[in-house]
Amino acid sequence: MRPSSCDTFVALPPSSKGERIIFGKNSDRPCDEVQEVVYFPARDCDAGEKVECTYIEIEQAAHTHAVILSRPAWLWGAEMGANEHQVCIGNEAVWGRESVNDEEALLGMDLVRLGLERADTAEKAVGVITDLLEKYGQGGQCLEDQCGFTYHNSFLISDRKEAWVLETSGRYWAAERVQGGHRNISNEYSIRTKIDKEHPGLREYAQMKGWWDGKSQFNFAATYSFMNTARIEDSRSRCCEGRKLLDKSSGHISAETMMDILRDKDSGINMEGMFMSTGSMVSVIPTNPFLPGVHYFTATPDPERSVFKPFIFVKHIKGQLKETSSPSYGPDDPVKKKPRFQSKPDRKHTLFTKHEVVAAIIDSNKDRGQKIVHRMRQLENEKMKAMEEILAHGVEEPDFLVDLFPRSVREELNLYSQC
C-alpha cells in the first residue's frame, strides 16, 4: 500500500493571527474506518499499575493528564488530540531506509496518547515519546486488517509557546524546535540540518549502515529517507501544497484559515478515495496562560461536509462523549483476540451513522446538498463566534462548558434530522 495519509500543521506568531498557536490535522485513513472523539479525565495511578495499549502492556505513569482524542475506533491510542495543559499532538506515517517492524510493539498512535497523558509541555512530550520508543519500540499492524500495513512515525507537537517536529526511524529519532512562523509535516522526513535533539546513536548508526560518510554535513531527511523518492511523491506534493497555503495566509492564520486548509481538495490535503480524511482537528491556543484553549473536532469524514465542534477543558467534564463514542466489545473485540482481525464489528457511533446518511444526500442531490452544507457552516460559525468571546476574555461560567462538545454534537444531529 502506498503511503498516502495525513497532514499536520501548526502556525505560531508572527504567522498566526493574534498571540495564538493554531494547530490542525486531517487524519487520512481507510474510507470505511470509523473515527471517534473521546475524553479521558486526569487521574492518579497506583504504584506498579500497568496500562494496556493497542497490542502491548506497559508501565503506567504515576499521574495522567486529562485528554481529548480523535482516534480510529478499534485502537487504544489516537491520531491526534490535546491535553488539559494545551499540548497538541498529531502523528504521520513515514517510511525510509530502515525497515519497519512487523512485530507488535507501541503504535505511533499509542505514542500520541501517551505523550498527551504524560507531558505538560511540547518539549516534555518529545522526551516521553522518545523514552518509550527506546524502551518498547514501535511496530505492529496499523489497520484493522491483516494486510501488513506498518510504518515509522513522525509527530508535530505544540503548546502555548512553541512546537516540535519529532521524526523516527525504528528506535532512532531527530527533533526540531519551532519557535515562530509555521510548519507542516506529511508522509516524508522533513528535518534536515536543523536538529535540536537527537538519539545519541543516530549518526553512528547511519554511518555504520553506509548512509552517511561521517564527514559531510549531517542531513537527517537525506540520510534516512528512501533513495527512490517516487514512493513518497504524493506526500511530497501535499506537503508542498500545504506549505504554500500556510505561506499565502502568513501573518493572519486563524482557526478559519486552518479549517479551509484542511478542507482543500485540490491540494489533496482533504483526501478522497480508498484513503480519505476520516477525522479532522483544529486547536486555538492563546499564548496567554490565563486564557483557555479551544479544540475543534469533526468526528466525521470529509471536513468539507462536516462541522467542527468545540471542546474546552474545564472541571467536572463527564467521562464519555456518548454521541461520538463507538460501541465497546471488551475482551471479545477481534483486535484483542489472537489471531487478530478475524472479523470486523460495527464501530459506527451515533453521529457517524447520521452523518453517513446526510453525506449520501449531499452526494446525490446537488441543490439539496448545498443547502445542507450551508446550514452546517452556519452552525459551525455560530459556535466559533461564541468561542471567540471565550478566547478573548476567558471562561466566566465553567459549568456551562462541561457539556460544550456533546451539546454541539446534539445540535448537529438535530440539523441532520431536519434534513
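The residue numbers shown here count from 1 along each chain, following its written sequence. Where local features are concerned, this predicted model is filtered to residues with pLDDT of at least 70; where side-chain atom pairs are given and counted, the filter is 80 or more; whole-chain, interface and lining totals use all residues. Processing note: side-chain calculations cover all non-hydrogen atoms of the structure and skip hydrogens and water entirely.

Points about the sheet that holds strand β17 (residues 294-297)
Okay, so step 1: Here a strand pair is declared whenever DSSP counts at least two bridges between the two strands. Helix and strand labels come from DSSP, where a helix needs a run of H or I of at least four residues and a strand needs a run of E of at least two; each type is numbered from the N terminus. The six strands lie next to each other as β14-β1-β2-β16-β17-β18, forming an open sheet whose pairing is antiparallel. Sheet topology places β14 (182-185) and β18 (309-311) at the edges, where each strand pairs with a single neighbour. Between one strand axis and the next, the sheet turns through 15° on average, direction left out of account.
Okay, so step 2: As paired elements, strand β1 (residues 7-11) and strand β2 (residues 20-30) share five bridges and run antiparallel to each other. Pairing of Ala11 across the sheet is with Ile22, part of β2.
Okay, so step 3: Relative to the sheet, helix α8 (residues 366-393) contacts β2, β16 (275-286), β17 and β18, its axis offset from that of β17 by approximately 160°. The axes are straight lines fitted to the C-alpha atoms, using for helices just the contacting stretch, and the angles between their N-to-C directions are given from 0 to 180°. By definition in these notes, contact holds between two residues if any of their heavy atoms fall within 4.5 Å.

Quick look at the state of the cysteines
Okay, so step 1: The criterion for a disulfide is a pair of cysteine sulfur atoms lying within 2.5 Å. Inspection of every chain in the model, using the stated rule, returns zero disulfides.
Okay, so step 2: Not part of a disulfide, Cys6 finds its nearest cysteine sulfur in Cys142, a span of 11 Å.
Okay, so step 3: The buried label goes to any residue with under 20% of its type's maximum accessible area, the exposed label to any with over 50%, and the partly exposed label to all in between, with areas taken from a 1.4 Å probe on protein chains only. Using a relative accessible area of 3% as the deciding quantity, one classes Cys6 as buried.
Okay, so step 4: Between Cys239, a free cysteine, and Cys240, which holds the nearest cysteine sulfur, the sulfur-to-sulfur gap is 6.0 Å.
Okay, so step 5: Since its relative accessible area comes to 1%, Cys239 is described here as buried.

With respect to the nonpolar core
Okay, so step 1: If you look at the biggest cluster of nonpolar residues, it comprises 78 residues, and the most contacted ones within it are Ile68, Phe220, Tyr224, Val282 and Tyr296.
Okay, so step 2: Counting residues per element, this core draws most heavily on α8, at eight residues.
Okay, so step 3: If you look at the next biggest cluster of nonpolar residues, it comprises 46 residues, including Trp76, Val87, Leu133 and Phe341. Here the nonpolar core consists of buried residues drawn from Ala, Val, Leu, Ile, Met, Phe, Trp, Tyr and Cys, with membership extended through side-chain atoms lying within 4.5 Å.

Some words on the environment of Arg375
Okay, so step 1: Structurally, Arg375 is set in helix α8.
Okay, so step 2: On the accessibility criterion, Arg375 (30% relative accessible area) is partly exposed.
Okay, so step 3: Arg375 sits 202 residues away from Trp173 along the chain, and the two C-alpha atoms are 45 Å apart.
Okay, so step 4: Residues within four places of Arg375 in sequence aside, it is in contact with Leu415, Gln418 and Cys419.

Some thoughts on empty space enclosed by the protein
To find the voids left in a structure, one rolls a probe of water-molecule size over its atoms.
Okay, so step 1: Grid points spaced at 1 Å and placed over the protein atoms alone form the basis of the search, with a cavity being a set where a 1.4 Å probe fits but cannot get out and a pocket an open set showing protein on both sides within 12 Å along at least five of seven lines. Lining residues have an atom within 4 Å of a point. Grid points are joined across faces, edges and corners, and a volume is the space filled by probe spheres set on the points. On inspection of all chains with the given rule, the structure shows one cavity of 30 Å³ or more.
Okay, so step 2: The computed volume of the largest cavity comes to approximately 50 Å³.
Okay, so step 3: Lining of the largest cavity is provided by Ser5, Cys6, Lys25, Asp28, Arg29, Glu79, Asn91, Glu92, Ala93, Tyr151 and Phe275.
Okay, so step 4: Secondary structure elements with two or more residues in the lining of the largest cavity: β2 and β10 (88-94).
Okay, so step 5: Ten residue types, Ala, Val, Leu, Ile, Met, Phe, Trp, Tyr, Cys and Pro, are classed as nonpolar, four, Asp, Glu, Lys and Arg, as charged, and the remainder, Gly among them, as polar. A breakdown of the residues in the lining of the largest cavity according to their chemical character gives four nonpolar, two polar and five charged.

Considerations on the packing of helix α7 (residues 350-364) against helix α9 (residues 404-418)
Each packed pair of helices is defined by two parameters, the angle between the axes and the distance between the axes.
Okay, so step 1: Where α7 contacts α9, the axes come no closer than 10 Å and their chain directions differ by 30°. The angle between the axes of α7 and α9 places the two elements in the roughly parallel class. Here α7 runs over α9; the crossing is left-handed. Together, Thr350, Leu351, Lys354, His355 and Val358 of α7 and Val409, Glu412, Leu413 and Tyr416 of α9 make up the contact between the two elements. An angle counts as roughly parallel when it lies under 35 degrees, as roughly antiparallel when it exceeds 145, as roughly perpendicular when it falls between 65 and 115, and as oblique in every other case. Handedness of a crossing follows from how the near helix is turned relative to the far one, being left-handed for an anticlockwise turn of less than a right angle and right-handed for a clockwise one.

Let's talk about the packing of aromatic side chains
In this description, a pair of aromatic rings is defined by centroid distance and the angle of the planes.
Okay, so step 1: Side-chain rings of Phe, Tyr and Trp (the six-membered ring for Trp) are treated as a pair once their centres are within 6.5 Å; stacked means planes under 30 degrees apart, edge-to-face means over 60, and tilted covers the remaining angles. The tally for this structure, following the rule as stated, stands at 14 aromatic pairs.
Okay, so step 2: A ring pair is formed by Trp212 and Phe218, whose centres lie 5.1 Å apart and whose planes are at 80°; its orientation type is edge-to-face.
Okay, so step 3: Overall, Trp212 belongs to the buried group, its relative accessible area being 15%.
Okay, so step 4: For Phe218, a relative accessible area of 4% puts it in the buried group.
Okay, so step 5: Through pairs of rings, three or more aromatic residues link up here, namely Tyr172, Tyr189, Tyr205, Trp211, Phe220 and Tyr224.

Quick notes on unusual backbone geometry
Okay, so step 1: With an omega of 10°, the peptide bond running from Pro13 to Pro14 counts as cis.
Okay, so step 2: Positionally, Pro14 belongs in the loop between β1 and β2.
Okay, so step 3: Cis rather than trans, the peptide bond between Lys338 and Pro339 has omega equal to -5°.
Okay, so step 4: With respect to the helices, strands and loops of the structure, Pro339 is situated in the loop between β18 and α7.
Okay, so step 5: The phi angle at Gln86 is positive, at roughly 70°, despite the residue not being glycine.
Okay, so step 6: Following the sequence through the fold, Gln86 ends up in the loop between β9 (80-83) and β10.
Okay, so step 7: We classify Gln86 as buried; its relative accessible area is 5%.
Okay, so step 8: Its identity as a non-glycine residue notwithstanding, Asp302 has a phi of 60°, on the positive side.

Coordinates in, geometry out; function isn't part of it.
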